[in-house]
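So you can see what is in the structure, the chains are spelled out below.
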Amino acid sequence: MTNITVVQNSNASLPDVPFKARHLINGNWANSSDGAVFERRSPSHGIIVSKACRGTAEDVDAAVASARAAFDDGNWSMSSGKDRATLLLKVADLIDRERERIALLEVLESGKPISQARAEIEGASDLWRYAASLARTMYGESHNTLGKDMLGVVLKEPIGVVSIITPWNFPFLIVSQKLPFALATGCTCVIKPSEMTPSTTVILGELLMEAGCPAGVVNIVLGFGDPVGTAMSTDPRVDMVTFTGSTRVGKSIVAATSGTLKKVSLELGGKNPQVIMPDADLDSAADAVALGVYFNAGECCNSSSRILVHEEVAEDFIARTTELSRRVPFGDPMDLDTKVGAIISAEHQDKIHAYVQDAAQSGASIRLGGQALEIDGLNGQFYSPTIVADVAPNMPIAREEVFGPVLSVLTFKTLEEAISIVNDADYGLSAGIWSENVHTCLEFARRARAGTVWTNTWMDGFPEMPFGGMKESGQGRELGRYGLEEFLETKTVTMRIGATRGAWVG
Ligand code: NAD
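Residues numbered from 1 in each chain as written. Predicted model: local features only at pLDDT ≥ 70, side-chain atom pairs only at ≥ 80, totals over all residues. Heavy atoms only, no water.

Asker: Outline the domain arrangement of the chain, supporting the account with residue identities and numerical values.
Answerer: When cut into domains, the chain gives domain 1 (13-268 + 473-491) and domain 2 (273-455). One C-alpha centre belongs to domain 1, the other to domain 2, and the line joining them spans 31 Å. Residue-level contacts link 28 residues of domain 1 with 27 residues of domain 2. Around 2,100 Å² of area is buried between domain 1 and domain 2 when both sides are counted, 60% of it from carbon and sulfur atoms. Taken together, domain 1 and domain 2 are joined by zero salt bridges. Mapped onto the side of domain 1 that touches domain 2, the elements with two or more residues apiece are helix H3 (99-110) and helix H4 (114-135). (Domains from an automatic or database assignment. Contact = heavy atoms within 4.5 Å. Buried area = accessible area lost by both parts, 1.4 Å probe. Salt bridge = Lys/Arg side-chain N within 4 Å of Asp/Glu carboxyl O. Helix = DSSP H or I, 4+ residues; strand = E, 2+ residues; numbered from the N terminus.)

Shown next, in the form of structure tokens:
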């Protein structure tokens, strides 16, 4: 592969023995009921990173029973916001203390670069601190306008037992977008991390125990979607499922929960466009496009895997983006200079490559990359930075989640046409526009059907700002006050005060 930036094996020291991951059930570390385990091999280095217990339906049964009992006894669910915030703040400090240990396992299980893993762990502890602030400041409503003898109070209560099911692409960050918010409200939880990345959630469990989290409030069951995830979605003692992952599995969870009508909150896939207007700051936009498509090797729900460029500036913009793409360091995730690491699995790499080949066969032109990348001295799978131009809006590469470092370039003539292409999609997670005209940006922001719109920036996120998708990108929101609200039930209390109630029968 010529003219791209590759980081070879850094020979960083790796752990000698695999991390041993067990279930956390009712405050105890437990093996699976049948003793089964599974291994996770590093997608970049090929070593066995972890050996984890492979959960069964019986393990889920025990974990849910423990979460249910811990919720129903009221010691946690009716504890003060102050006490819950104190626990969350302790966990945040412990996450900071263990940052290097967590980051190393995250790198080796997911293939992401070490600098990015460290930043994610820092972002995660910030989420625990933000959720602590919400634990002390949430409140309901009072109604003093119902007449002389009546007072109405709207209580906000924790929804109950929550199943938390997470994916492999940001394992520690995503569990931290859910768990501290659920705990802030007084919920109790059963968590299942992805089978690709079980270890860092187990470390989080250790930190929760060290911080004094009561037994049963947080339970962890490791393993696969079937049977662990399905049992967590169907158990009648679970009140809510919060899931981040693919739209395909999200739909199956909705179907699985329908028998018990649980609340379901879903953060799913995206096919997120950035629109480049001719008056945009093209250098800044090209840099954001590079970030948008290569961050986390494109294995990112917010990946801006398609861009729509005004035809007047299309060739100029593709040239700038190609030049930047050649400079992004791809390779050994243990090297501090690396910005893009390994692809999560060989099967996933094949899927990425199939999208690129299909587009080429349908008339699109590959302007950069389009092939696997060999990294000397490493035993894993890597994919080259790839730019595919002349993409038509109906091609699978323009409509489906590729989840790799692959950019699709489409062109348009008018803002109207761009908005119509943006909205002609099954997904609606995020969208962006680049223009120096504030009216153009505002019109786009109001008309794009996406849960997040960025103008003249991409991928900035804050704990205070809600995140989630429209259409097949999900339902419900995480982060901000809206994220907390997901874990709350609303109860109406209507009270008569003073005078005797007028009789109905007489
Ligand atoms: P996935 O859907 O394959 O798996 C996610 C989790 O669901 C894993 O823990 C898996 O074991 C579990 N699971 C699988 N089958 C299940 C079933 N039948 N019942 C219950 N649980 C089951 O997703 P993935 O490949 O791990 O992650 C990539 C996907 O996640 C992408 O589509 C990406 O867009 C999406 N994602 C979305 C967001 C967001 O915030 N919108 C964030 C990150 C990732």
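Asker: Tell me about helix H10 (residues 314-327), and name the residues and values.
Answerer: Along its 14 residues, H10 runs 20 Å from first to last C-alpha, staying within 8% of the 20 Å computed at 1.5 Å per residue. When we look at burial in H10, the residues that qualify are Ala-314, Phe-317, Ile-318, Thr-321, Thr-322, Leu-324 and Ser-325. Viewed along the axis of H10, the buried residues span an arc of 165°, placing them on a single side of the element. Tucked into the core, H10 has its buried residues touching strand S14 (273-276), helix H9 (282-294), strand S15 (306-310), strand S17 (365-368), strand S20 (386-389) and strand S21 (406-412). (Expected span 1.5 Å × (residues − 1). Buried < 20%, exposed > 50% of the residue type's maximum accessible area, 1.4 Å probe, protein only. Arc of directions from axis to C-beta.)

Asker: Mind laying out the environment of Pro-43, listing which residues take part and the relevant values?
Answerer: Topologically, Pro-43 is positioned in the loop between strand S5 (37-41) and strand S6 (48-53). Between the C-alpha atoms of Pro-43 and Gly-111, which are 68 residues apart in sequence, the distance is 5.6 Å. When sequence neighbours within four positions are dropped, the list of residues in contact with Pro-43 reads Leu-108, Glu-109, Ser-110, Gly-111, Ala-342, Ile-343, Ile-344, Gly-380 and Gln-381.

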